[in-house]
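Here are the chains, one letter per residue:
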Amino acid sequence: MRVLILGGTTEASELARLLADDGRFAATLSLAGRTVAPRPQPLPTRIGGFGGTAGLEAWLRDHAVDAVIDATHPYADQISRNVVAACAALALPLASIRRAAWQREDGDRWIEVDSSEAAAAALGATAVRVFLSLGRLELTAFAAAPQHHYIARTIDPPGDILLPPDISFISDRGPFDAAKEHDFLVQERIAIVVSKNSGGVATYPKIAAARRLGIPVVMIARPDKPHGVALESATAAVRWLEDQLAHAPPSTSRRSV
C-alpha cells in the first residue's frame, strides 16, 4: 500500500520510523520546507508545497497513493484543508493525527488570544522581557510592539524578515528539559512567555516552568483545522493503515507503476 504522510511533527517522525521497515507499506514523508535543516528521516522524503488543493490532488493521482496520514502541526491548517479536499475528490482514505491541546491547570496565568498580532498587543505598553517560543514566521508581528526586549527560540535563523529592534535569538529544538527551562526563565528574567498551544510533551516544560514561577503565558489559540479520521498517535495510525490494507479489495489497487 502506498502511503503519503504529511509531516513536520514528532508524531510524523515516529510514524516514519514505524513504517520504514514494514514491507506492507511504501510510504513517502512530505515536509513543508519551513525548517532549513530538518532531521534525517528513514523514509523517502519530499520537501515543499504541492501548489494548493489541485496540485496535491495531482500528486496523489500521479503517485498512485492509496492512503494519506495528515500528521502536520496543529497550526498548519491550510495544508489540512487542502488534503481533506483532495482526498475527497479522489475518494482516498484520510486519517489525521490530532495532538491534544494543553489544558489550563491551577496556577497557570494564561492570556488567551487568537493570533500573533493579538499576542503582541497583549504584552502591554510597559517594556518587559518576553520569551517568544514561536516559529520564525510569527516573529514579524512583534515589530508592532518595539518597546519590549525579546528572546526568541527558533530552529532556524530568522532570515530576511521584519523583526522588533530589541531581539536576541536562541537556536534550539525540542524536546526540552524541565529543570533547564525553569533555570532559563529565571536567568533571563523573563516576565512574559508567548507560545502557541502546540500540545504534546516536547515543549510543555516551559509552560510548567512558567506556572511554577508565576509567569503569565500569552497563549495563541489553535485554528479550526479540518481533518480526516481522528487518531491520537503514530501507533494508532499504523493500526488504521493495517485496517485499510485488510479491507482494500485486491482488484481496486490504484497503483500505476
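Now for a look at the structure at hand. A quick note: this is a predicted structure, and the numbers were derived from the prediction, not measured.

The rules behind these values
Residues numbered from 1 in each chain as written. Predicted model: local features only at pLDDT ≥ 70, side-chain atom pairs only at ≥ 80, totals over all residues. Heavy atoms only, no water. Helix = DSSP H or I, 4+ residues; strand = E, 2+ residues; numbered from the N terminus. Rg over C-alpha atoms; globule rule 2.2 N^0.38 Å. Buried < 20%, exposed > 50% of the residue type's maximum accessible area, 1.4 Å probe, protein only. Contact = heavy atoms within 4.5 Å. Areas by Shrake-Rupley, 256 points an atom, 1.4 Å probe, with all protein chains shown as cover. Lys, Arg positive; Asp, Glu negative; His and termini not counted. Charge placed at Lys NZ, Arg CZ, Asp CG, Glu CD. Expected span 1.5 Å × (residues − 1). Pairing = 2+ DSSP bridges. Axes fitted to C-alpha atoms, helices over the stretch in contact; angles between N-to-C directions. Right-handed = clockwise from strand over helix to strand, strands pointing away.

Looking only at helices and strands, one finds seven helices and twelve strands in the chain. Computed over C-alpha atoms, the radius of gyration of the chain comes to 20 Å, within 12% of the 18 Å expected from 2.2 N^0.38 for 257 residues, which places it in the range of a compact globule. On the principal axes, the C-alpha backbone points of the chain span a range of 65 × 35 × 30 Å. For the chain, with 257 residues in total, the buried portion stands at 46%. Counting only contacts in the chain whose residues sit at least 6 apart along the sequence, the fraction spanning at least 24 positions is 68%. Here the chain has roughly 12400 Å² of accessible surface; of this, 54% comes from carbon and sulfur atoms. Taken together, the 27 basic and 28 acidic charged side chains of the chain have centroids lying 1 Å from each other.

Before going further, it helps to examine helix α7 (residues 234-247). For α7, with 14 residues, the first-to-last C-alpha span of 20 Å sits near the 20 Å given by 1.5 Å per residue. Turning to α7, its buried residues number three or more, namely A234, A236, A237, V238, W240 and L241. Check the buried side of α7 and you find it contacts β1 (2-6), α1 (10-20), β4 (67-70), β5 (94-97) and β12 (229-231).

Read from one edge of the open sheet, six strands run β3-β2-β1-β4-β5-β12, paired in parallel fashion. With partners counted over all chains shown, the strands left at the sheet margins are β3 (45-47) and β12, one partner each. Each neighbouring strand pair of the sheet contributes to a mean axis angle of 25°, computed without reference to strand direction. Taken together, the three bridges between β5 and β12 define a ladder with parallel strand orientation. Residue pairing in the sheet places S96 in a bridge with A230 of β12. The strands touched by α1 within the sheet are β1, β2 (26-31), β4 and β5, with β1 carrying the most contacts at an inclination of about 155°. Lying over the sheet, α7 contacts β1, β4, β5 and β12, oriented at roughly 165° with respect to β4.

Let us look at the sheet that holds strand β8 (residues 149-154). Within a sheet, neighbouring strands are paired by backbone hydrogen bonds and run either parallel or antiparallel to one another. In spatial order, the strands read β6-β11-β10-β7-β8-β9; together these six strands make up an open sheet with parallel pairing. Of all the strands in the sheet, the pair left with one neighbour each is β6 (110-113) and β9 (167-171). Going from strand to strand, the sheet's axes swing by 20° on average, the running direction of each strand aside.

Side chains L94 and S96 project from β5 onto one buried face, and the interleaved A95 and I97 project onto a second face that is buried too. As judged from the three bridges shared by β4 and β5, these two strands associate in the parallel manner. Counterpart to V68 in the pairing with β5 is L94. In this view, the connection linking β4 to its parallel neighbour β5 by way of helix α3 (residues 77-90) has right-handed handedness.

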